[in-house]
Amino acid sequence: MEKDLLVKSINELKHKHNAVIVAHNYQKDEVQEIADLVGDSFALSKFCANNDAKIIVYCGVHFMAESAKILAPDKTVLLPELDAGCPMADMVTAEALREEKKKYPGAVVVCYINSSAEVKAECDICCTSSNAIKVVQSIKEKEILFVPDKNLGNYVSQFVPEKKVNLWNGFCITHHRVKLDEVKKIKELHKDALLLVHPECQPEIVEVADYVGSTKQIIEYATDSDCKKFIIGTEMGVMYTLKQNNPDKTFYLMSQGLICPNMKKTSLESVYEALRSMKNVIELEEDIRIRAKRALDRMLEIT
Ligand code: 13P
Ligand code: SF4
């Protein structure tokens, strides 16, 4: 089907079924274009929990659609590409976490939203990259077990020096790939540009950044800044909104390797197909959902 016809058909199906389409900032440009809301994990979770639509088409990866289902159990949540996963989320299982928890009795278990519902169900509180500092600062206890992203965990641990933060050995294969040498080179090439990075980057890269934030926060920072040039240290999908919001500014991607293959699986065709066939529905066991929701609710209460 031609692009225009595909977009028209998606919109017709969307209205017929009272559906909304949400897209993460890493989605392909044409998918972001048709979404009712484009944002980071936090903004999309909140939106899914608080709107009247019957159906949510989640253009993102599996853990994100699961989070929508945890928060909005009465809605049908469709993931256009069911095998769009997050390799970092897969680096921790509920079983392995149960074992690890035995080593840290009394520690508060914080899980990054990039984790499965089963893992969330084992945790005390959830966080996203936009609120992780607030979340760890809200914890009264002295010890934390942070899963699965060791880079985000390491970054937020600096804001709670009085606490012991134990890190799971997980990481994002896309952000982790970037090496300090290439960052130094691009900084050298564009001396007048600010470096904005995602906290999933390795510590030595976060250290040389001018700003660290979630995808939405990076976009907001660049949009509000008086500076005209930026080196962007996160997945290339954010370039779409950055360029749309700031036609007078210049953006350089920190590394050409910043592409998440799972995020790029969703296409207009798969969005159309999901709405047409009502397949690829996210289902969760009620017991897991309720336990996972506690961790997400506790996060939402303080942010
Ligand atoms: P944000 O919450 O910043 O959108 O990040 C999600 C993600 O998967 C980053 O790799
Ligand atoms: Fe997961 Fe990294 Fe892709 Fe984000 S960019 S979805 S953390 S693999």
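Up top you'll find the structure we're talking about.
Keep in mind it's a predicted model, so treat the numbers as computed, not measured.

Draft legend 1. Focus on the pairing of strand 9 (residues 194-197). Pairing geometry for strand 9 and strand 11 (residues 229-233), over 4 bridges, is parallel. Paired with Val197 across the strands is Gly233, a residue of strand 11. Summarising the sheet, strand 9 and strand 10 (residues 211-212) pair through 2 bridges and their orientation is parallel. Paired with Leu196 across the two strands is Tyr211, which belongs to strand 10.

Draft legend 2. Inspection of the site of ligand 2 at higher detail. Taken together, Tyr26, Val61, Cys86, Pro87, Met88, Asn114, Cys172, Glu200, Cys260 and Met263 make up the full set of residues near ligand 2. Partitioning the shell around ligand 2 into residue classes produces 8 nonpolar, 1 polar and 1 charged.

Draft legend 3. Representation of the sheet that holds strand 11 within the structure. Spatial strand order, 10-9-11-12: 4 strands in an open sheet with parallel pairing. Of all strands in the sheet, those with a lone pairing partner are strand 10 and strand 12 (250-253), marking the two edges. Here helix 12 (residues 215-224) sits on the sheet in contact with strand 9, strand 10, strand 11 and strand 12, set at roughly 160 degrees to strand 9.

Draft legend 4. Fine view of helix 12. For helix 12, the complete set of buried residues consists of Thr215, Ile218, Ile219 and Ala222. On an axial view of helix 12, the arc spanned by its buried residues comes to 100 degrees, and they lie on one face. Contacts from the buried residues of helix 12 go to strand 1 (19-24), strand 9, strand 10, strand 11, helix 13 (239-245) and strand 12.

Draft legend 5. Focus on the nonpolar core. Grouped together as the largest cluster of nonpolar side chains are 88 residues, with contacts concentrated most on Tyr58, Leu97, Val110, Val197, Ile232 and Met254. Looking at which element gives the most residues to this core, the answer is helix 4 (residues 62-71), with 6 residues.

Draft legend 6. Geometry of the site of ligand 1. As a structural note, the neighbourhood of ligand 1 is formed by His24, Tyr26, Asp40, Ser41, Asn114, Ser129, His175, His198, Glu200, Ser214 and Thr215. Between ligand 1 and Thr215 there is a distance of 2.7 Å, counted from an oxygen atom to a side-chain nitrogen or oxygen. Classifying every residue of the shell around ligand 1 gives 1 nonpolar, 8 polar and 2 charged.

Draft legend 7. Quick look at the pairing of strand 11. Among the 5 residues that make up strand 11, 4 are buried, leaving the element largely enclosed by the rest of the structure. Across 4 bridges, the pairing between strand 11 and strand 12 is parallel. The residue bridging Ile232 from the neighbouring strand is Leu253, located in strand 12.

Draft legend 8. Quick peek at the sheet that holds strand 4 (residues 76-78). Read from one edge to the other, the open sheet built from 4 strands follows the order 2-1-3-4, with strand pairing classed as parallel. Where the open sheet ends on each side, the last strands, each with one partner, are strand 2 (37-39) and strand 4. Mean inter-strand twist for the sheet, computed between neighbouring axes without regard to direction, equals 20 degrees. Bridge analysis of strand 1 against strand 3 (residues 55-59) gives 5 bridges, and the strand direction is parallel. In the strand pairing of strand 3, Ala23 is matched with Cys59.

Draft legend 9. Quick look at the side chain of Ser214. Within the secondary structure, Ser214 is located in the loop between strand 10 and helix 12. A distance of 2.8 Å separates polar atoms of two side chains, one belonging to Ser214 and the other to Asp40. Residues in contact with Ser214, not counting those within four places in the same chain, are Asp40, Ser129, Ser130 and His198.

Draft legend 10. Looking closely at the packing of aromatic side chains. Following the criterion strictly, the structure yields 3 aromatic pairs and no others. Relative to Tyr221, the ring of Tyr211 has its centre 4.2 Å away and its plane inclined at 15 degrees; by these criteria the two rings are stacked. One end of the pair, Tyr211, is in strand 10; the other, Tyr221, is in helix 12, with 10 residues separating them in the sequence. The interplanar angle of 20 degrees and the centroid separation of 5.6 Å between the aromatic rings of Phe230 and Phe251 together place this pair among those described as stacked. Placement of the pair is Phe230 in strand 11 and Phe251 in strand 12, with a sequence separation of 21 residues.

Draft legend 11. Summary view of the environment of Ser214. Judged by its relative accessible area of 0%, Ser214 is buried. Between the C-alpha atoms of Ser214 and Leu5, which are 209 residues apart in sequence, the distance is 34 Å.

About the criteria used
Along each chain, residues carry numbers from 1 onward, in the same order as the chain's sequence is written. By the order in which they are written, chains take letters starting at A while ligands take numbers starting at 1. The predicted origin of the model limits local features to residues at a pLDDT of at least 70 and limits the giving and counting of side-chain atom pairs to 80 or more, whereas totals for whole chains, interfaces and linings rest on all residues. No hydrogens and no water enter the side-chain calculation; it runs on all heavy atoms of the structure. Strand pairing is defined by DSSP finding a minimum of two bridges between the two strands. A run of DSSP states H or I qualifies as a helix once it reaches four residues; a run of E qualifies as a strand once it reaches two. Both are numbered from the N-terminal end. Throughout, the term near means that a residue has one or more heavy atoms lying within 4 Å of the molecule or strand in question. Only Asp, Glu, Lys and Arg are considered charged in this grouping, and only Ala, Val, Leu, Ile, Met, Phe, Trp, Tyr, Cys and Pro are considered nonpolar; every other residue, Gly among them, is considered polar. The contact definition used throughout considers only heavy atoms, calling two residues in contact when any of these lie within 4.5 Å. Geometry is summarised by axes, namely lines fitted to C-alpha atoms with helices restricted to the contacting stretch, and by angles between N-to-C directions that run from 0 to 180 degrees. Residue burial is assigned from relative accessible area. The probe radius is 1.4 Å, only protein chains are included, and a residue is buried under 20% of its type maximum, exposed over 50%, and partly exposed in between. Note: the arc covers the axis-to-C-beta directions of the helix. Nonpolar cores were defined as sets of buried Ala, Val, Leu, Ile, Met, Phe, Trp, Tyr and Cys residues, with membership established by side-chain atoms within 4.5 Å. As used in this structure description, the phrase polar contact means that two N or O atoms lie within 3.5 Å; if the pair is within protein, one of them must be able to donate a hydrogen and the other to accept it, and residues adjacent in sequence are counted only when both atoms belong to side chains. Working definition: rings of Phe, Tyr and Trp (its six-membered ring) pair if their centres are within 6.5 Å, and the pair is stacked with planes under 30 degrees apart, edge-to-face with planes over 60 apart, and tilted otherwise.

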